[in-house]
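Per-entry structural report
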Amino acid sequence: MYWVVIAVEARIGARTNVNNLVEKLCLSCGLCCNGVIFADVQLQRGDNSARLRELGVLKRNATKFPQPCTMHDGCRCGIYKERPKYCRQFECLLLQNANEGRVNESDAISVIKETRAQAAKVRDLLEQLGDKDASVALSKRFQAMRKQMENGRAGAEQVDLFGLLTVAVHELNVLLSERFYR
Ligand code: SF4
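Read on for an overview of the structure. These figures come from a predicted structure and were not determined experimentally.

**Considering the overall build of the chain**
Along the backbone of the chain there are eight helices and two strands. For a compact globule of 182 residues, the expected C-alpha radius of gyration is about 16 Å, and the chain comes in at 18 Å, within 12% of that figure. Principal axes of the C-alpha set define a box for the chain whose edges measure 60 × 40 × 25 Å. The buried share among the 182 residues of the chain stands at 42%. The long-range fraction of contacts in the chain, counting pairs at least 24 apart against all pairs at least 6 apart in sequence, stands at 68%. Counting only carbon and sulfur atoms, one obtains 48% of the accessible surface of the chain, whose full area is about 10400 Å². If the 27 positive side-chain charges of the chain are averaged to one point and the 21 negative ones to another, these points end up 6 Å apart.

**Some thoughts on the nonpolar core**
Grouped together as the largest cluster of nonpolar side chains are 37 residues, with contacts concentrated most on L94, V122, L165 and F180. Listed by contribution, the elements that provide at least two residues to this core are α2 (15–27), α5 (93–99), α6 (105–128), α7 (138–151) and α8 (156–179). With near-sequence residues (within four places) excluded, L165 lies in contact with V122, L125, L126, L129, F142 and M145.

**Looking at the packing of α7 against α8**
The N-to-C vectors of α7 and α8 enclose an angle of 150°; their axes lie 11 Å apart at closest approach. Classed by the angle they form, the pair α7 and α8 counts as roughly antiparallel. Crossing angle aside, the handedness with which α7 passes α8 is left-handed. On the side of α7, the interface is formed by L138, F142, M145, R146 and M149, while α8 contributes Q158, V159, F162, L165, T166, V169 and L172. A class-by-class count of the residues in the contact of α7 with α8 yields nine nonpolar, two polar and one charged.

Rules and cut-offs
Residues numbered from 1 in each chain as written. Predicted model: local features only at pLDDT ≥ 70, side-chain atom pairs only at ≥ 80, totals over all residues. Heavy atoms only, no water. Helix = DSSP H or I, 4+ residues; strand = E, 2+ residues; numbered from the N terminus. Rg over C-alpha atoms; globule rule 2.2 N^0.38 Å. Buried < 20%, exposed > 50% of the residue type's maximum accessible area, 1.4 Å probe, protein only. Contact = heavy atoms within 4.5 Å. Areas by Shrake-Rupley, 256 points an atom, 1.4 Å probe, with all protein chains shown as cover. Lys, Arg positive; Asp, Glu negative; His and termini not counted. Charge placed at Lys NZ, Arg CZ, Asp CG, Glu CD. Core = buried A, V, L, I, M, F, W, Y, C linked by side-chain atoms within 4.5 Å. Axes fitted to C-alpha atoms, helices over the stretch in contact; angles between N-to-C directions. Parallel < 35°, antiparallel > 145°, perpendicular 65-115°, else oblique. Left-handed = near helix turned anticlockwise from the far one by under 90°. Nonpolar A, V, L, I, M, F, W, Y, C, P; charged D, E, K, R; others polar.

Structural data, given as structure tokens:
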């Protein structure tokens, strides 16, 4: 998550090292903006909702916006200087552990790679089951697919795929809750 840099710098005060770490980890991750960790971002007191509407993040009268965030280019936040408060304050567990020296950089990169690969596997299985809507958070896509499977008349092949999807989502959730966000 590229946008935690200011908070991290202020707290630790080791500007160069922290910048390097945030650059390396957050720019190779994006899981907190791309609909894998969160399904939406709730505005906080002090957020400039009019400006966020103007920027196209927020729909009329909304107090939260969905993820994957349309401002995330796959790497960086497109409204970094004007991002909402929740985005400024959130710092995932992996980054905290890396900053505190409990996880070294290469292990942290491996965790990010493994988790991104697991998320890709979930997306792939959803696509095989007919859900190609990449604009919706993974957790919501899985819930919708589960309902569809419960209500519909799925064939044997679809049932098998859904079984694989369920296992893949479980494995993703274990990774997320143990390494990123409890
Ligand atoms: S506004 Fe920026 S930091 Fe917040 S979710 Fe969107 S891309 Fe991420």
